[in-house]
Amino acid sequence: MEQSFARRSLRDIAAVLTVAVFMFPLFWWALTSIKPMYAIFNKDEVVVFDFVPTLINYAVVLLGWSRAEIAIESGSTFGVGGTSSYDSRQTIVDSIVIAVGSTGLTIIIAVLAAYALSRMRFRGRSGFLNWVLGQRFLPPIAIIVPLVGMYKVAGMRDTDNLFLGYVGLIVIHALMNLPIAVLLLKSFFDDVPKDVDEAAMIDGATRWQTFRKVVLPMVRGGVAAAAVLCFIFSWTEFLLALFLTTIIRTVPVKITTFVTSTGSEWGFISALGTAAILPGFIFILLVQRHLVRGLTLGSLKE
Amino acid sequence: MSEAVLERPSAGFLPKWRWLSSEHPLPWLLPASALMIVFGIYPLLYALWLSLHKRNPVTRLNVFDPDYNWMKAFGDQRVWDAIATTFLYTGIALVIQLVLGLLIALLLDSDRKGYGVLRALMTLPLVVPPAVTGMMFLLMLDGSFGVLSRSLYAIGLLSPQYPILANSSTALAGVLLADIWQWTPFMVLIMLAGLRSLPKEPFEAAAIDGASSIQAFFKLTLPMMSKVIGIAVLIRGIDLFRVFDYVKVMTDSGPGTATETLTSYSGRIYFNGDFPYASTLSLITLILVIVASTLFMKIFRVKL
């Protein structure tokens, strides 16, 4: 359809404005993280650019600077006080351990199940698929309360045993990501013609060899996409981590502890928040192509 | 799959142990099944068991009393309020996100230069941890120095005397704003995929017949997109129904119980230590999710 120049430009402007509106909270968030305190908490006017940028907020949450050091660095004692710890280095390590661990576990388990569901015909196949799908519908709140009880009995809470505490949360994140990984990977396996398997097996390869040496290498891109999505979902998860752990703090849980009854440390919150968003941004741009497929559990392809 | 393949002797396994070989589906599905049974099915059964017990707050022991928690939930006004809030939240968010998502998708569906970048930018909100999103909006909606609040004061939509999150009639709107910002891109993305998969011919035919683009949208685009819309609404609806993060971070169910959803109410009961009642409430959430999604799939013939 021919569109006039005026209509086209109008559309361009509307498109850019819409995206700009959606980018504004991110921009404001990142901007807040480099603002000194007086610019954030200014009650007389909204400070947009009229401030001296500072990296102090990042130094506190990512390098563990103390409040005394801030006071010396900034030459001002405004708002310096309190004893809360804003050092988030351990939190970031915790989040990485949980996200990487659960992604690895999910992918290993899911890739096996997805292959069988894509390639084998057996009784209960559709039942199993529905079970996996049903798992996606399950509200986490429904299993978290009994899980805490289970972990208590099994001595798996992080207050009982720190290592088992990590394992406990990793396993639950793996369970949460299992449906999306299985269904997404199945859709990638379905894209590989079955002739490939049959040719390999006629040549004398076992199922396992066929899977390992022939089919799996062909869906490498799909495995990467599934892994990225699992990582992001684990990295951003809040409810399960909040309920299950007390010593181990993932980033989303830690960040909520910066809100105190005496006021919120917005500088530190936005610094940790910005740092927490960045890995997701990088990863999401890597899997742009498979995003729709992942979010719809393999049922829509782009 | 050919018979010959199925009949192949499984290397080195006696017939009795065949199910252990890679020719059999069992070893492939075993790890996934084990995970889903131990950490999915078992906790659910345990929740059911808990919900049939009454907790004695003094001795902290659970005594078998099958209808105690269920009757308590039935007579608990807060449960009904939470259910109403949950449905209201889900409904409003779903409609706004779907309509906005469709409109933005139509706007961004162009092959011209620069639109690819705009589409990529549009996906960024999806990867922000919801708890962080809640924080972002908490900052922007702050009653005294929040940039959004102050803009709303400036154009007279809001009065500084009634900060949006501190007022029980507007708090839910504040929380919804965060949800809409984060998840409209989800709809945009899926609608874009749907739009791009539409065949070109019907639209060319309609244009020749002199149909306007608005007619083409309602008569062609929408009907052909129904499957995509159904899937998007189903997935989003299920996630909306268990909303927790934004409510917990932004208002903690307040002011009063104005923004209390089912999940956040069971969370509160859980932190108060009444596990049996918390389990009952979470099972009610589960039952409602199953009933609502099954009805939706049946009525609109949606299949994932």
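Preceding block: the structure.
Model, not experiment: these values are computed from the prediction.

This next bit is on the overall build of chain B. Per the secondary structure count, chain B includes 14 helices and 2 strands. Its C-alpha atoms put chain B at 70 × 65 × 35 Å along the principal axes. By sequence separation, contacts in chain B at least 24 residues apart represent 65% of the contacts at least 6 residues apart.

It is worth spelling out the overall build of chain A at this point. Secondary structure assignment for chain A yields 15 helices and 2 strands. Computed over the C-alpha atoms, the radius of gyration of chain A is 24 Å, more than 25% above the 19 Å expected from 2.2 N^0.38 for a compact globule of 302 residues. Reported as C-alpha extents along the three principal axes, the dimensions of chain A are approximately 75 × 70 × 30 Å. A fraction of 77% describes how many contacts in chain A between residues 6 or more apart in sequence connect residues 24 or more apart.

Time to look at helix 2 (residues 25–51) of chain B. Residue and element names in this part refer to chain B. With 27 residues, helix 2 should reach 39 Å at 1.5 Å per residue; the first-to-last C-alpha distance of 36 Å fits that figure. Taken as a whole, helix 2 carries its principal kink of about 40° at I37. Every buried residue belonging to helix 2 is among P25, W28, L29, A32, L35, M36, F39, G40, P43, A47, L50 and S51, and all of these are buried.

Facing 80 residues of chain A, the contacting portion of chain B comprises 76 residues. In terms of residue count, helix 1 (residues 5–33) of chain A provides more of the side of chain A that touches chain B than any other element does, 12 residues in total. Classifying every residue of the side of chain A that touches chain B gives 60 nonpolar, 13 polar and 7 charged.

This paragraph deals with the nonpolar core. Counting 163 residues, the largest nonpolar core has A110(A), A113(A), L178(A) and I190(B) as its most contacted members. Setting aside chain neighbours within four positions, we find A110(A) in contact with L178(A), A181(A), V182(A), L185(A), A226(A) and A32(B).

Residues and elements named next belong to chain A. Packing of helix 9 (residues 194–202) against helix 10 (residues 207–218) leaves a shortest axis separation of 10 Å and a crossing angle of 130°. In this view, helix 9 runs oblique relative to helix 10, as classed from their interaxial angle. Relative to helix 10, helix 9 is oriented so that their crossing is right-handed. Across the interface between the two elements, V196, D197, A200 and M201 of helix 9 pack against T210, V214 and V215 of helix 10.

We now examine the environment of Y86(A). Structurally, the position occupied by Y86(A) is in the loop between helix 4 (67–74) and helix 5 (89–119). With near-sequence residues (within four places) excluded, Y86(A) lies in contact with V60(A), V61(A), F258(A), E265(A) and F268(A).

Once that is clear, we can look at the packing of helix 5 of chain A against helix 2 of chain B. Look at helix 5 of chain A against helix 2 of chain B: their axes get within 8 Å of each other, and the N-to-C directions meet at 135°. By the criterion of interaxial angle, the relationship of helix 5 of chain A to helix 2 of chain B is oblique. In this structure, helix 5 of chain A crosses over helix 2 of chain B, and the sense of that crossing is left-handed. For the pair helix 5 of chain A and helix 2 of chain B, the contacting residues are I109(A), A110(A), L112(A), A113(A), Y115(A) and A116(A) in the first and P25(B), W28(B), L29(B), P31(B), A32(B) and L35(B) in the second. Residue classes in the contact of helix 5 of chain A with helix 2 of chain B are distributed as 12 nonpolar, no polar and no charged.

The rules behind these values
- Residues numbered from 1 in each chain as written.
- Chains lettered and ligands numbered in written order.
- Predicted model: local features only at pLDDT ≥ 70, side-chain atom pairs only at ≥ 80, totals over all residues.
- Helix = DSSP H or I, 4+ residues; strand = E, 2+ residues; numbered from the N terminus.
- Contact = placed C-beta atoms within 7 Å.
- Rg over C-alpha atoms; globule rule 2.2 N^0.38 Å.
- Expected span 1.5 Å × (residues − 1).
- Bend = angle between axes of the 7 residues up to and from the residue.
- Buried ≥ 20, exposed ≤ 12 C-beta atoms within 10 Å, placed from the backbone.
- Nonpolar A, V, L, I, M, F, W, Y, C, P; charged D, E, K, R; others polar.
- Core = buried A, V, L, I, M, F, W, Y, C linked by C-beta atoms within 7 Å.
- Axes fitted to C-alpha atoms, helices over the stretch in contact; angles between N-to-C directions.
- Parallel < 35°, antiparallel > 145°, perpendicular 65-115°, else oblique.
- Left-handed = near helix turned anticlockwise from the far one by under 90°.

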